[in-house]
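What follows is each chain in one-letter form.
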Amino acid sequence: MGCGRVGSTLARSLEDRNHTVSVIDSEPDAFRRLGPAFNGDKVTGIGFDQEVLEKAGIRRADAFAAVSSGDNSNIIAARVARETFGIQNVVARIYDPGRAEVYQRLGITTVATVKWTADQVLRRLLPAGAEPDFRDMSGTIRVDQIPVPEAWIGQRTIHFQEQSRSRIAWIDRLGEGVLPVRESVIQEGDVLHLVMREENAAHAYAIIKKGPEER
């Protein structure tokens, strides 16, 4: 539901991956964003109207995305898709991050676009560690990426993890992703992708900056 810039891009991307897509929008002119190559259904109407959803093939759908410009419309449509038609894979675009967290707890996956965009900008403005690459909806777990400090080159990843109280999810090394094992050693030029609890972030960055303790 929604054929704005996000909806039209999403629809074309899904079709490029060989999925069958139906797009709902209240404005017929919006479908021009799909371009002449789009082969899916274009349904004019209100995206939370059950008859409109039926016309769009909701009973055959494996997933539903509500990405219009209105929070209320997106949430209503997402709930109708999930609760009335039994679609389990439902995503709603929500501008208000506070409301997004509420609906996330109700089992509706939400994308809080304003918060996500702000986080992306902050990551590029602030020093390493100030803002994570990713933070889960509860705010408990974060993912950070850091270029390896010189003091840690040659250290085993297991020692890094024990001392920093973080986990290395993967390492960017020479243009490839590397999954560390127990015997892995940190090398010059590595970029570490770290998973940690938010409450441990200050400790982790203090240890990373300080360097390894003697063993």
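The preceding data block contains the structure.
What you see is a predicted model; the values in this text were computed from it and never measured. Per chain, the residues get numbers from 1 upward, laid out in the order the sequence is written. Local features in this predicted model are restricted to residues whose pLDDT is 70 or higher, and side-chain atom pairs enter the listing and the counts only when it is 80 or higher, whereas totals over whole chains, interfaces and linings include all residues. With hydrogens and water stripped out, all remaining heavy atoms of the structure feed into the side-chain values.

**Q** Is there a simple way to explain the layout of surface pockets in this structure?
**A** In this approach the atoms are scanned with a rolling probe the size of a water molecule, which exposes any empty space left behind. Of the two site types, the cavity is a set of points on a 1 Å grid over the protein atoms alone where a 1.4 Å probe fits but cannot get out, and the pocket is an open set with protein on both sides within 12 Å along at least five of seven lines, each lined by residues with an atom within 4 Å of a point. Grid points are joined across faces, edges and corners, and a volume is the space filled by probe spheres set on the points. By volume, the largest pocket amounts to about 890 Å³. Comment: elements are numbered from the N terminus, with helices defined as DSSP H or I runs of at least four residues and strands as E runs of at least two. When contributions to the lining of the largest pocket are tallied by element, the ones reaching two or more residues are α1 (5-16), β1 (22-25), β3 (63-66) and β4 (89-94). For the lining of the largest pocket, the leading source of residues is α1, giving seven residues. Residue polarity is assigned by list, with Asp, Glu, Lys and Arg as charged and Ala, Val, Leu, Ile, Met, Phe, Trp, Tyr, Cys and Pro as nonpolar; anything else, Gly included, falls into the polar class. Taken together, the residues of the lining of the largest pocket sort by class into 19 nonpolar, 11 polar and four charged.

**Q** In this structure, what is going on with the sheet that holds β3? I would like to understand it.
**A** As a general point, the strands of a sheet are linked pairwise by backbone hydrogen bonds and lie either parallel or antiparallel. Being paired, for any two strands, means DSSP has found at least two bridges between them. As summarised here, the arrangement of the three strands in space is β3-β4-β5, forming an open sheet in which the pairing is parallel. Two strands bound the open sheet, and with one partner strand each, they are β3 and β5 (109-112). Neighbour to neighbour, the strand axes of the sheet diverge by 15 degrees on average, direction disregarded. Strand direction decides the pairing type here: β4 and β5, joined by four bridges, are parallel. To get an axis, a line is fitted to the C-alpha atoms, and for a helix only the part in contact is used. The angle between two axes follows their N-to-C directions and goes from 0 to 180 degrees.

**Q** Is there a simple way to explain helix α7 (residues 201-210) in this structure?
**A** It helps to recall that an α-helix has 3.6 residues per turn; residues three or four apart then point in one direction. Between buried and exposed lies partly exposed: a residue is buried under 20% and exposed over 50% of the maximum accessible area for its type, with that area taken using a 1.4 Å probe on protein chains only. Turning to α7, its buried residues are Ala-201, Ala-204, Tyr-205, Ile-207 and Ile-208. The buried residues of α7 occupy one face: seen down the axis, they fall within an arc of 160 degrees. Summarising the geometry of α7, the exposed residues directed more than 90 degrees from the buried face are Ala-202, Lys-209 and Lys-210. Among the structural elements, β7 (141-147), α6 (157-164) and β10 (191-197) are those in contact with the buried residues of α7. The arc in question is formed by the directions pointing from the helix axis toward the C-beta atoms. By the convention used here, residues are in contact when the closest approach between their heavy atoms is within 4.5 Å.

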